[in-house]
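Report on the structure
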Amino acid sequence: MTEPGDLTELSFTVTGRIARPVAETYEAVADPGRISQYFTTGGARGRLETGAEVTWDFADFPGAFPVEVVEAIAPQRIVLRWDGESAVDESGMTTVTFTFSPLDGDTRTLVSITESSWHPTQDGARNAFGNCMGWTGMLAAMKAWVEHGINLRDGFYT
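Read on for an overview of the structure.

Here is what the cut-offs are and how they apply
Residues numbered from 1 in each chain as written. Predicted model: local features only at pLDDT ≥ 70, side-chain atom pairs only at ≥ 80, totals over all residues. Heavy atoms only, no water. Helix = DSSP H or I, 4+ residues; strand = E, 2+ residues; numbered from the N terminus. Rg over C-alpha atoms; globule rule 2.2 N^0.38 Å. Contact = heavy atoms within 4.5 Å. Areas by Shrake-Rupley, 256 points an atom, 1.4 Å probe, with all protein chains shown as cover. Lys, Arg positive; Asp, Glu negative; His and termini not counted. Charge placed at Lys NZ, Arg CZ, Asp CG, Glu CD. Axes fitted to C-alpha atoms, helices over the stretch in contact; angles between N-to-C directions. Parallel < 35°, antiparallel > 145°, perpendicular 65-115°, else oblique. Left-handed = near helix turned anticlockwise from the far one by under 90°. Buried < 20%, exposed > 50% of the residue type's maximum accessible area, 1.4 Å probe, protein only. Pairing = 2+ DSSP bridges. Polar contact = N/O pair within 3.5 Å; in protein donor to acceptor, adjacent residues only side chain to side chain.

From N to C terminus, the protein chain includes three helices and seven strands. When the elements of the protein chain are put in sequence order from the N terminus, they spell out β-α-α-β-β-β-β-β-β-α. Its C-alpha radius of gyration of 16 Å places the protein chain within 12% of the 15 Å reference for a compact globule of 158 residues. For the protein chain, the spread of C-alpha atoms along the three principal axes comes to 50 × 35 × 30 Å. A separation threshold of at least 6 residues defines the contact pool for the protein chain, and within that pool the share at least 24 residues apart is 48%. Accessible surface computed for the protein chain: about 8,200 Å², of which carbon and sulfur atoms make up 53%. The centroid of the 11 positive side-chain charges in the protein chain is displaced by 8 Å from the centroid of its 22 negative side-chain charges.

So this is what it looks like as structure tokens:
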């Protein structure tokens, strides 16, 4: 029996500020050519649009990962689903939500990434913490690439 306040799933949110307008920052995630420059080092195939299934390939974590786009509302929000070990969902998938909020007269963007839902177990925590590290790295790499043209991910994991 679940008691009020019992932990039923694990999730996290990471945030970062990008010194670019919200529409440009959104496109840095939605456009496969742009996200391939700093995150999907093996390439991204397919634009993040509602109902699409795209693939993300990471040269440092071989294999193309299928990504289901649940919702894409430019330039505010993108919701994705992809495989997650120890996920609560019976399909074994987690949900990733990107939100893009304009700051300072739309000269900067607050990017928030929330991923859920893992079992509140040791395996669930290990997988959630690993993905939290990955999304934090993605935000840092996006900032460096979008603002300065620097690819932080190149050689970082290998």
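The next thing to look at is the packing of helix 1 (residues 22–30) against helix 3 (residues 122–148). Helices that pack against each other are described as a pair by the angle of their axes relative to one another and the distance between those axes. Contact geometry of helix 1 with helix 3 gives a least axis separation of 11 Å together with a crossing angle of 120°. With respect to each other, helix 1 and helix 3 are oriented oblique. Taken as a pair, helix 1 and helix 3 cross one another with a handedness that is right-handed. Across the interface between the two elements, E24, T25, A28 and V29 from helix 1 touch M138, M142 and V146 from helix 3.

Right, let's get into the pairing of strand 7 (residues 108–118). Buried residues dominate strand 7, accounting for nine of its 11 residues. Where strand 1 (residues 10–18) and strand 7 come together, nine bridges link them in antiparallel fashion. Bridge pairing links T15 to S112 in strand 7. Bridge count between strand 6 (residues 93–103) and strand 7: nine bridges; the pairing is antiparallel. Residue S101 lies in a different strand from strand 7, and its bridge partner there is L110. Hairpin geometry of strand 6 and strand 7 is characterised by an intervening segment of four residues between the two adjacent antiparallel strands and by a positive phi of about 50° at D104.

Inspection of the secondary structure assignment puts N127 in helix 3. Excluding anything up to four places from it in sequence, N127 contacts E85, S86 and W118.

Once that is clear, we can look at the environment of E147. Take E147: it is sitting in helix 3. Spatially, the C-alpha atom of E147 lies 11 Å from that of R17, the residues being 130 residues apart in sequence. Not counting chain neighbours up to four residues away, the residues in contact with E147 comprise R17, I18, A19, R20 and M142. Only 2.5 Å separates the side chain of E147 from the backbone nitrogen of A19, close enough to count as a polar contact. A polar atom in the side chain of E147 sits 2.7 Å from the side chain of K143.

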